[in-house]
Amino acid sequence: MALPGAIWFVFFFYIPVLANVVAFKDFHISPDGFFASLKESPWVGFDNFKFLFASNDAWLITKNTLLYNIVFLAFNLFFAIAFAIIMSELRNKKLVKVYHTMSLLPYFLSWVVISYFVYAFLSPDKGIVNQWINNMGGQSINWYADPKWWPFIFVFMNVWKSLGYNSIIYYASVVGIDQSYYEAAMVDGANKWQQIRNVTLPQLLPMVSVLLILNIGGIFRADFGLFYQVPRNSGALYQVTTVLDTYIYNGLTATGDFGMTAAAGLYQSVVGALLLLFANLVVRKLEPDSALF
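Residues numbered from 1 in each chain as written. Predicted model: local features only at pLDDT ≥ 70, side-chain atom pairs only at ≥ 80, totals over all residues. Heavy atoms only, no water.

A. Just unusual backbone geometry, in detail. Notably, Arg232 is not glycine yet its phi reads approximately 60°, a positive angle. Relative to the elements of secondary structure, Arg232 occurs in the loop between helix H11 (224-228) and helix H12 (238-241). Although it is not a glycine, Asn233 adopts a positive phi angle of roughly 50°. Residue position: Asn233 is located in the loop between H11 and H12. On the basis of relative accessibility, which here comes to 26%, the residue Asn233 falls in the partly exposed class. (Helix = DSSP H or I, 4+ residues; strand = E, 2+ residues; numbered from the N terminus. Buried < 20%, exposed > 50% of the residue type's maximum accessible area, 1.4 Å probe, protein only.)

Rendered as C-alpha cells:
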C-alpha cells in the first residue's frame, strides 16, 4: 500500500534534489536536453551565492520571508485555537457544521480568484473601500502603489484563508479532552476562562508543539500566490511583496539566470531544514514527548 506513495516521493522529491547542482554552475540550456545542458555548463563554485548575497536583494527577501512567516505563525496559531475553542463551546451541532463549512470555503479558493475579490475592494477608482472613504469625506488611496498597507493586508488574507483548515486539528483535540477534567475544575469553582486556561490549553500543548515544528520547517517558503497574485505583481510594492518564492520566479522570468535562482532555492531549503532541526531540538528539551524525531 505504501509503494505508490514511495515511488511518488522518489520521482518528485528525491531525484529532483540532484538538480541542485545547477546552483553551482553557469547553467545554459542545450538543444540536446537537460543532462547535456548540465554537462556542458561550466562549474562556478559558489559564485551564484556570492552574487546573491552581495546584492541588497538577499537581505530584503530574507527579512520579508522570515518576518511574514513568523507573524503568520503567531496569528494563525492564536486564531485557530480560539476558533476551535469557541466551536467546542457551541451546543448546537448543526450550527457548528455550518460555521466549520463557512470557515473552510476560503481555503479551497485559488489565490488567483481571491486576487479579483481583493481588487474589487481595493481598486483605486471603483473599489468598494475607496467608495466608503469618499462617502465619509476622505481621500481615495491608491492601494496598489502605497506599500505601507500591504503587510496588514497580507496578514489578514492569510489568516482569513487558512483559519478553517488550521482549526480542524485543534477542534478535534479539544473535543477529545476527557470531560472529567472539566468536571473536576467546576467542582473546584473554576469559571469558563479558568477551565480554558488550566485544562484546555495544557491539553493542546503537545499538538501545538508538533504543528509548530512542522510549520517552522516551511518558514522560509512563502506563499507564492499570496505575495504575487494578490498585489498583482505591482512594481511599486516590491519592497513589501518580494519574498524568496517571488524573487526566484521574477529572477527566472526576467533574466533567465538559472544558476542564481537555483542558488536562492537551495538557500531557502537548507535554512528551512536547519530551522526545523533546531525547533525539534528545543521542543525535545522542553517537551520530550512532543518531538518529531
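On we go.
B. Highlighting the packing of aromatic side chains. Scanning the model with the defined rule gives 25 aromatic pairs in all. A centroid spacing of 6.0 Å and a plane angle of 25° characterise the contact between Tyr68 and Phe72, whose relative ring orientation is stacked. Of this pair, Tyr68 and Phe72 are both found in helix H4 (residues 56-89), four residues apart, which corresponds to roughly one turn of the helix. The class for Tyr68 is buried, based on a relative accessible area of 8%. Among the residues examined, Phe72 registers a relative accessible area of 5% and is labelled buried. Ring centres 6.2 Å apart and planes at 25° place the aromatic pair Phe75 and Phe79 in the stacked group. Residue Phe75 and its partner Phe79 are located together in helix H4, separated by four residues, close to a single helical turn. By relative accessible area, Phe75 is classed as partly exposed at 38%. Phe79 gets classed as partly exposed once you look at its relative accessible area, which sits at 34%. (Phe/Tyr/Trp six-rings, centres within 6.5 Å; stacked < 30°, edge-to-face > 60°.)

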